[in-house]
Amino acid sequence: MRARNPFLATADLGDAFDAMSAALQDPRPHPTEAALVQLGEALMTELLDALLGSALEDHASPVAESLIGGLHTAVQRLDRLADRHRETLSRGLREFDASEVADHDLQQAKAETDAADAAVRAIELVRDAAAEVYATATGETWSPWRGSLRGSGVTAAQIDATHALRTRQALKLADTDAGDHVVAFRGAPAAVSPEDAMRIFDALNWAQGEWPDMSLALTGAKGAEQIAKRWAAQKRVRLVLARPDFEQHGRAAPFRANDALMALEPVCVLALSGSVHGFAESGAKPFGPVLNLAEKAQAAGVRCVRISAKRAGPG
């Protein structure tokens, strides 16, 4: 085996990977970090020994880089698998109902996520060791054709320009983030009396007491939502608008706006389906889009507070 370049030697990463694999509690033996590094070195050393000094020497670089690139592709595939397991884990946490089945599924999803993360790190070790031997033997440095490469003890981080630009743009738009505590409110257009306003203010003040850093999400409809909008301005509460698109969705626009509100993952939905005067004097029917949002919230397990038509505050 060729002598290793001291300037490219693998950093002392301790037992980080070995601790990661041991935590998996898999009864099957797991390769150690040292064994994985040795595998990467052996793969590249055997390849270069066969090519260098032979008639294939002129093509050694593309062949060797293809070997490293293949390992990098495996890392990417495993990383996508880990992301899918993470999505399953997040969904399980959101929908957790404390049942034995849900608890088992949650533990299984966590175990699969951890195992996939360990697999990603394992192949990264093999890839980086092979890349180090390649650099030592040829003086050339391998890097992926596209995408980003996380830095390690062997390789410096490589950031794809597209990814960097997206990240920079995301930072510029950080002030448009709705925040972690979104409170969605929908109210009937007819709920505009002073009594209605008092009930709306009471409900919103209650919500702000529960979530001091709340954002208020509305569709911008007339009536009760305009009262809520004025409350947000007075309280300096961040406002998020999901306006109905009647041109695109027609009569379904108010209900599509509800979908947008729910996509914000609110911590609470406040629903005011009619005016106290409307109910008392004419027996008016509850406002359909408000009932629809309340149903969506309850189906998603989101706390829904129906503002009473008879008294101030959440009912």
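Residues numbered from 1 in each chain as written. Predicted model: local features only at pLDDT ≥ 70, side-chain atom pairs only at ≥ 80, totals over all residues. Heavy atoms only, no water.

A. How the structure looks around the nonpolar core. Counting 23 residues, the largest nonpolar core has Phe-185, Ile-200, Met-214, Leu-216 and Leu-270 as the members making the most contacts within it. When contributions to this core are tallied by element, the ones reaching two or more residues are β1 (182-187), α6 (194-210), β2 (215-218), α7 (224-235) and β4 (268-272). Not counting the four nearest positions on each side in its chain, Met-214 is found in contact with His-181, Val-183, Leu-204, Ala-207, Gln-208, Trp-231, Val-237 and Arg-238. Ranked by size, the runner-up nonpolar core spans 17 residues in total, among them Ala-64, Ala-122, Ala-131 and Tyr-134. (Core = buried A, V, L, I, M, F, W, Y, C linked by side-chain atoms within 4.5 Å. Buried < 20%, exposed > 50% of the residue type's maximum accessible area, 1.4 Å probe, protein only. Helix = DSSP H or I, 4+ residues; strand = E, 2+ residues; numbered from the N terminus. Contact = heavy atoms within 4.5 Å.)

B. Looking closely at the packing of helix α3 (residues 60-94) against helix α4 (residues 100-138). Running from N to C, α3 and α4 point in directions that differ by 165°, and their axes come no closer than 8 Å. Between α3 and α4, the interaxial angle falls into the category roughly antiparallel. The hand of the α3/α4 crossing is left-handed. Of the residues assigned to the contact of α3 with α4, the class counts are 19 nonpolar, 6 polar and 8 charged. (Axes fitted to C-alpha atoms, helices over the stretch in contact; angles between N-to-C directions. Parallel < 35°, antiparallel > 145°, perpendicular 65-115°, else oblique. Left-handed = near helix turned anticlockwise from the far one by under 90°. Nonpolar A, V, L, I, M, F, W, Y, C, P; charged D, E, K, R; others polar.)

C. Molecular detail of the environment of Val-269. Here Val-269 is to be found in strand β4. The residues contacting Val-269, other than those within four sequence positions of it, are Ala-184, Met-262, Leu-293, Ala-297, Val-302, Arg-303, Cys-304 and Val-305.

D. Representation of the pairing of β1 in the model. Of all 6 residues in β1, 6 are buried, a share of seventy percent or more. In β1, alternate side chains face the same way, and those of Val-182, Ala-184 and Arg-186 on one face and Val-183, Phe-185 and Gly-187 on the other are all buried. With α6 bridging β1 and its parallel neighbour β2, the resulting β-α-β unit is right-handed. Taken together, the 5 bridges between β1 and β4 define a ladder with parallel strand orientation. Looking at β4, one finds that Arg-186 is bridged to Ala-271. (Right-handed = clockwise from strand over helix to strand, strands pointing away. Pairing = 2+ DSSP bridges.)

E. Spotlight on the environment of Thr-88. Tracing the backbone through its elements, the reader meets Thr-88 in helix α3. Linking Thr-88 and Thr-113, residues 25 residues apart in sequence, is a C-alpha distance of 9.0 Å.

By themselves these figures say nothing about function.
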